[in-house]
Amino acid sequence: SPEEVYQSPVGVPKNTNGLSTVMGRSFRKLLAEVIPYPQNRQMQTAVRLALLKWIKRGPVPSQPPAAIPFISKISLNEESVLPNCLRVPLTVSFVMQHELAVFIPHVKATTTFIAPSQTNHIQLKFAAASCNLKTGEAIQNRTHHVIIPYNAENIISQKIPMPLQMPTGSVTLIAAALDYCS
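Residues numbered from 1 in each chain as written. Predicted model: local features only at pLDDT ≥ 70, side-chain atom pairs only at ≥ 80, totals over all residues. Heavy atoms only, no water.

A word on the sheet that holds strand 7 (residues 158–163)
- Reading across from one edge, 1-2-7 is the order of the three strands in this open sheet, with antiparallel pairing throughout. On the outer flanks of this sheet lie strand 1 (91–96) and strand 7, each paired with one strand and no other. For this sheet, the mean inter-axis angle between neighbouring strands, taken without regard to orientation, is 30°.
- Where strand 1 lies against strand 2 (residues 99–104), five bridges are found, and the strand directions are antiparallel. Bridged to S93 within strand 2 is A101. (Pairing = 2+ DSSP bridges. Helix = DSSP H or I, 4+ residues; strand = E, 2+ residues; numbered from the N terminus. Axes fitted to C-alpha atoms, helices over the stretch in contact; angles between N-to-C directions.)

Now the structure itself:
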């Protein structure tokens with residue numbers, strides 16, 4: 001996932017029995033396009049426990065964007081942790097009320113991405129998802145793919161819009177993944 005994951009303004013509900021399980025299932029479904037092994041029990045448990053710790057922590061910041069404790073740095077694929085493969089910070093910002101944007105800075109692919117030797121191009125995938133904080137149920141998701149030639153040419157900076165319903169009382173996550181193509 002990108003360096004930071006953000007949340008919409010919320011208060012944490014008092015009754016949290018099973019909430020992290022329902023929310024974890026919702027996020028796995030909504031972010032499935034960037035999760036390489038969605039049935040992996042170890043990853044499922046890590047996501048559920050991170051959500052549980054965050055939920056039990058208490059009230060959260062009311063002014064987004066804000067990093068979500070326990071969740072912002074979680075990896076959905078322990079075999080290939082994104083910061084080890086991607087050497088450039090991806091940033092997320094609000095463009096307008098119901099639209100996030102992911103910013104990819106001006107970079108050179110061969111120095112920014114660590115890829116297998118036969119790589120011709122890289123597919124950088126983003127998924128944004130929001131869930132209801134009280135019920136854990138899915139609200140909406142958006143996905144976007146960027147094809148990046150893996151060569152010594154410079155890549156121009158890109159701002160990728162991710163329109164998404166993020167009502168008050170919801171939590172929004174953005175995740176990223178890399179696919180290497182030969």
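Here's the deal with the sheet that holds strand 8 (residues 170–181)
- Judged by pairing direction, the sheet is antiparallel, and its three strands sit side by side in the order 5-4-8 without closing on themselves. Either end of the sheet is taken by a strand with one partner, and the two such strands are strand 5 (138–149) and strand 8. Put simply, the sheet's adjacent strands are angled 15° from each other on average, direction ignored.
- When strand 4 (residues 121–132) meets strand 8, the two strands line up antiparallel, connected through twelve bridges. Looking at strand 8, one finds that A128 is bridged to I174.

Focus: the confidence of the model for the protein chain
- On average, residues of the protein chain score 83 in pLDDT, and 85% of them reach the 70 mark or higher.
- When mean pLDDT is taken per element in the protein chain, strand 5 scores highest with 95 and helix 3 (residues 82–85) scores lowest with 76.
- Contacts of residues 1–9 to residues separated by more than four positions or lying in other chains number 53 contacts, the stretch itself having pLDDT below 50. (pLDDT = per-residue confidence, 0-100. Contact = heavy atoms within 4.5 Å.)

As for helix 1 (residues 19–30)
- Helix length check: helix 1 (twelve residues) gives 16 Å between terminal C-alpha atoms against 16 Å at 1.5 Å per residue, within 8%.
- Summarising burial for helix 1: nine of the twelve residues are buried, a large majority.
- Turning to helix 1, its buried residues number three or more, namely L19, S20, V22, M23, G24, S26, F27, R28 and L30.
- For helix 1, the secondary structure elements touched by its buried residues are helix 2 (41–57), strand 4, strand 5 and strand 8. (Expected span 1.5 Å × (residues − 1). Buried < 20%, exposed > 50% of the residue type's maximum accessible area, 1.4 Å probe, protein only.)

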